[in-house]
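Listed below are the residues making up each chain.
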Amino acid sequence: MIQFQNEHFTVFESQLYKTTSVVVKTKDCIIVVDPNLLPKEVEEIRNKVNKIKGNLPIYAIYTHSDWDHLIGSGAFLNATVIASHLFSKLDQHHILEQM
């Protein structure tokens with residue numbers, strides 16, 4: 001569900017936990033921050049990105065490794081991922097179990 005929108009930013013708020021995701025359009029790229037949470041909501045975020053991206057590259061920023069911030073990552077498999085170096089030390093099996 002869109003919580004806020006202007007020409008550069010769209011903030012989505014999930015019905016579950018009220019988590020937020022952000023899509024930013026710059027002149028150089030599209031940035032997706034923490035795409036989450038419910039499948040229908042992730043699809044809405046992906047549709048927004050597809051509508052505005054044109055030929056711009058997509059970057060996905062994951063602010064931290066909680067499952068609810070990573071669950072929508074599969075919707076942006078072609079995105080360049082930006083995350084802390086600590087992500088490489090995560091227990092990936094544990095996070096997948098949480099999802």
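Each chain carries its own residue numbering, running from 1 in the direction its sequence is written. Selection of residues for local features in this predicted model requires a pLDDT of at least 70, selection of side-chain atom pairs for listing and counting requires 80 or more, and totals for whole chains, interfaces and linings are taken over all residues. In computing side-chain properties, one takes all heavy atoms of the structure into account and sets aside hydrogens as well as water.

Asker: Just to check I follow, could you spell out the pairing of strand E1 (residues 2-5) for this structure?
Answerer: Across three bridges, E1 lies against strand E2 (residues 9-13) in antiparallel orientation. Across the sheet, isoleucine 2 pairs through a bridge with phenylalanine 12, a residue of E2. At least two bridges found by DSSP between two strands is the condition for calling them paired. Helix numbering and strand numbering both begin at the N terminus, where a helix is a DSSP run of H or I of at least 4 residues and a strand a DSSP run of E of at least 2.

Asker: Could you clarify how one ought to interpret the nonpolar core in this entry?
Answerer: Note on soluble globular proteins: their nonpolar side chains tend to be buried together. Take the buried Ala, Val, Leu, Ile, Met, Phe, Trp, Tyr and Cys residues and link them wherever side-chain atoms come within 4.5 Å; each set so joined is a nonpolar core. Burial classes follow relative accessibility: with a 1.4 Å probe on protein chains only, a residue under 20% of its type's maximum area counts as buried, one over 50% as exposed, and anything between as partly exposed. Core analysis: the biggest nonpolar cluster contains 15 residues, and Val23, Ile30, Val32, Ile45, Val49, Ile58 and Phe76 have the highest contact counts within it. Elements supplying a minimum of two residues to this core: strand E4 (30-33), helix H1 (39-52) and strand E5 (58-61). Element by element, the count of residues in this core is highest for H1, at four residues. Those residues in contact with valine 23 that sit more than four places away from it in its chain are His8, Phe9, Thr10, Phe12, Ile30, Ile31, Ile45, Val49 and Ile52. When checking whether two residues touch, look at their non-hydrogen atoms; a contact exists if any pair is within 4.5 Å.

Asker: In this structure, what is going on with the environment of aspartate 68? I would like to understand it.
Answerer: Mapped onto the elements of the fold, aspartate 68 is located in helix H2 (residues 67-70). Sequence-wise, aspartate 68 and aspartate 34 are 34 residues apart; in three dimensions their C-alpha atoms are separated by 8.2 Å. Contacts of aspartate 68, omitting those with residues within four sequence positions, involve Thr19, Asn36 and Leu37.

Asker: Just to check I follow, could you spell out the sheet that holds strand E3 (residues 20-25) for this structure?
Answerer: By definition, the strands of a sheet pair up through backbone hydrogen bonds, in either a parallel or an antiparallel sense. In space, the six strands of this open sheet follow the order E1-E2-E3-E4-E5-E6, with mixed pairing throughout. Each edge of the open sheet is held by one strand with a lone partner, namely E1 and strand E6 (80-82). Averaged over all neighbouring strand pairs, the angle between strand axes comes to 20 degrees, with direction disregarded. As paired elements, E5 and E6 share three bridges and run parallel to each other. Looking across to E6, one finds that alanine 60 is bridged to valine 81. Structural elements are reduced to axes, namely lines fitted to C-alpha atoms, with helices fitted over the stretch in contact, and the angle between N-to-C directions of any two is expressed from 0 to 180 degrees.

Asker: Sorry if this is basic, but what is going on with the packing of aromatic side chains here?
Answerer: How two aromatic rings sit relative to each other is given by the distance of their centres and the angle of their planes. Two rings belonging to Phe, Tyr or Trp (six-membered ring only in the last case) form a pair when the distance between their centres is within 6.5 Å. Interplanar angles under 30 degrees mark stacking, angles over 60 mark edge-to-face geometry, and anything in between is tilted. According to the stated counting rule, one finds one aromatic pair in the structure shown. With a centroid separation of 6.3 Å and an interplanar angle of 80 degrees, the aromatic rings of tyrosine 17 and tryptophan 67 are classed as edge-to-face. Here tryptophan 67 lies in helix H2 and tyrosine 17 lies in the loop between E2 and E3, a separation of 50 residues in the sequence.

Asker: Is there a simple way to explain the environment of serine 84 in this structure?
Answerer: Tracing the backbone shows serine 84 in the loop between E6 and helix H3 (92-98). Taking C-alpha positions, serine 84 is 9.2 Å from serine 65, a pair spaced 19 residues apart along the chain.

Asker: Looking at this model, I keep getting lost on the pairing of E3. Mind explaining?
Answerer: As a general feature of sheets, a regular strand has side chains that alternate between the two faces. Here E2 pairs with E3 via five bridges, running antiparallel. Looking across to E3, one finds that threonine 10 is bridged to valine 23. Here E3 pairs with E4 via four bridges, running antiparallel. Bridge pairing in E4 links lysine 25 to isoleucine 30. Between the antiparallel neighbours E3 and E4 lie four residues.

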